[in-house]
Amino acid sequence: MTDDDARGFQAGQSALTVRVPEAEPLVRAWRDRLDPSAAAGIPAHVTVLFPFIAASRVDEGVCAAVHEVVGRHRSFEARFDHCGRFPGVLYLAPEPDTGFRRLTEAIVERWPEHPPFGGQFDDIVPHLTVARGQDEAVLEEAEAGLLTGLPVVARVSSVDLLVHDGARWRGRASFPLA
C-alpha cells in the first residue's frame, strides 16, 4: 500500500461528509467517469471538513466530541436545483446551504487547527462535486445532462467520518443530527 495514490489522497487522511444518497441516481455515472473521489470510494456527498484529524489520532474521545458537536444541530432538508462551477469543477449547489455551513463552522470552531481544505479558500461553499479536473467541454456536457434530472431533495440527518487506508476511503463512524 502506498502513502499516496494517483488521485492525490493520502493514507491516514480523514474527512467529515454528509452523504446525499438521493443524488446517486442522477450523479453516479458522471461521478464514476469524472470525479476521482468516486473511484476512491466516496459516495455523493457534501464535505463538512477535509482534511480532518489524522486517522491515527481519531479515538473514542474525538468521536465523542464530533458526536456532541454534530448532535447540537437539527436535521434539515436541502434542495439541489442548479449547478455551480469552480475552475475545472462542476458541482450541484444545495439550497439553502446554511445547514452545511453551520456544521462546518461548528467543527472548525472545535478544531481550529483543521481549517476547511487546509485553509486554501476564504469562503465555505457547500457543494456536491460531480466532475473535477475536467476541461470546459466535458463540464458543459455533464451540466446539460444533470439539469434534466434536477431538482434533487435530500434529508440531512447525519455526518460521516471517512478515512483513507491508502487505497480507498472507508466509513469509520456516523454521527446523527438532532
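Residues numbered from 1 in each chain as written. Predicted model: local features only at pLDDT ≥ 70, side-chain atom pairs only at ≥ 80, totals over all residues. Heavy atoms only, no water.

**Here we look at the environment of Glu 95**
Going by this rule: In DSSP terms, a helix is any run of H or I states spanning at least four residues, a strand is any run of E spanning at least two, and both are numbered starting from the N terminus. Any residue under 20% of the maximum accessible area for its type is buried, any over 50% is exposed, and the rest in between are partly exposed; the area is computed with a 1.4 Å probe on protein chains only.
Along the polypeptide, Glu 95 turns up in strand β4 (residues 89–95). Residue Glu 95 is classed as partly exposed on the basis of its relative accessible area, which comes to 39%. For the pair formed by Glu 95 and Asp 81, sequence separation is 14 residues and the distance between their alpha carbons is 7.7 Å.

**Here we look at the sheet that holds strand β2 (residues 45–49)**
How we decide: Here the rule is simple: two strands pair whenever DSSP picks up at least two bridges between them. Throughout, an axis means a line fitted to C-alpha atoms (over the contacting stretch in the case of helices), and angles, computed between N-to-C directions, take values from 0 to 180 degrees. Contact definition: two residues touch when any of their heavy atoms are within 4.5 Å.
Ordered in space as β2-β1-β7-β8, the four strands form an open sheet in which the pairing is antiparallel. Unpaired on one side and paired on the other, β2 and β8 (169–176) mark the two borders of the sheet. Between one strand and the next, the sheet's axes are offset by a mean angle of 35 degrees, whatever the strand orientation. Here strand β7 (residues 158–164) pairs with β8 via seven bridges, running antiparallel. Within β8, the position partnered with Leu 162 by the bridge is Gly 171. The strands touched by helix α3 (residues 60–71) are β1 (14–19), β7 and β8; relative to β8, the strand with the most contacts, the crossing angle is about 50 degrees.

**As for the packing of α3 against helix α4 (residues 98–110)**
Between two packed helices, the angle of one axis relative to the other and the distance separating the axes together describe the packing. This is how it is decided: Oblique is the label for any angle not covered by the other classes, which are roughly parallel (under 35 degrees), roughly antiparallel (over 145) and roughly perpendicular (65 to 115). For any helix crossing, the convention is left-handed if the near helix is rotated counterclockwise from the far helix by under a right angle, and right-handed if that rotation is clockwise. Residues are grouped as follows: nonpolar covers Ala, Val, Leu, Ile, Met, Phe, Trp, Tyr, Cys and Pro; charged covers Asp, Glu, Lys and Arg; every other residue, Gly included, is treated as polar.
Direction vectors running N to C along α3 and α4 enclose 140 degrees, while the axes themselves pass 10 Å from each other. On the basis of their axis angle, the class for α3 and α4 is oblique. Considering the relative orientation of α3 and α4, their crossing is right-handed. Each of Ala 65, Val 66, Val 69 and Val 70 in α3 lies in contact with α4, whose residues at this interface are Ala 106, Ile 107 and Arg 110. Looking at the contact of α3 with α4 residue by residue, the class counts come to six nonpolar, no polar and one charged.

**Describing the environment of Val 70**
Tracing the sequence through the fold places Val 70 in helix α3. With a relative accessible area of 1%, Val 70 lands in the buried category. Each C-alpha atom of the pair Val 70 and Leu 103 lies 6.8 Å from the other, and the pair is 33 residues apart in sequence.

**Some words on the confidence of the model for the protein chain**
We count it as follows: What pLDDT conveys is the predictor's confidence in a given residue, as a value from 0 to 100.
Residues at a pLDDT of 70 or more form 96% of the protein chain, whose mean pLDDT is 94. Of the regions scoring below 50 in pLDDT, residues 1–6 engages in 13 contacts with residues more than four places distant in sequence or in other chains.

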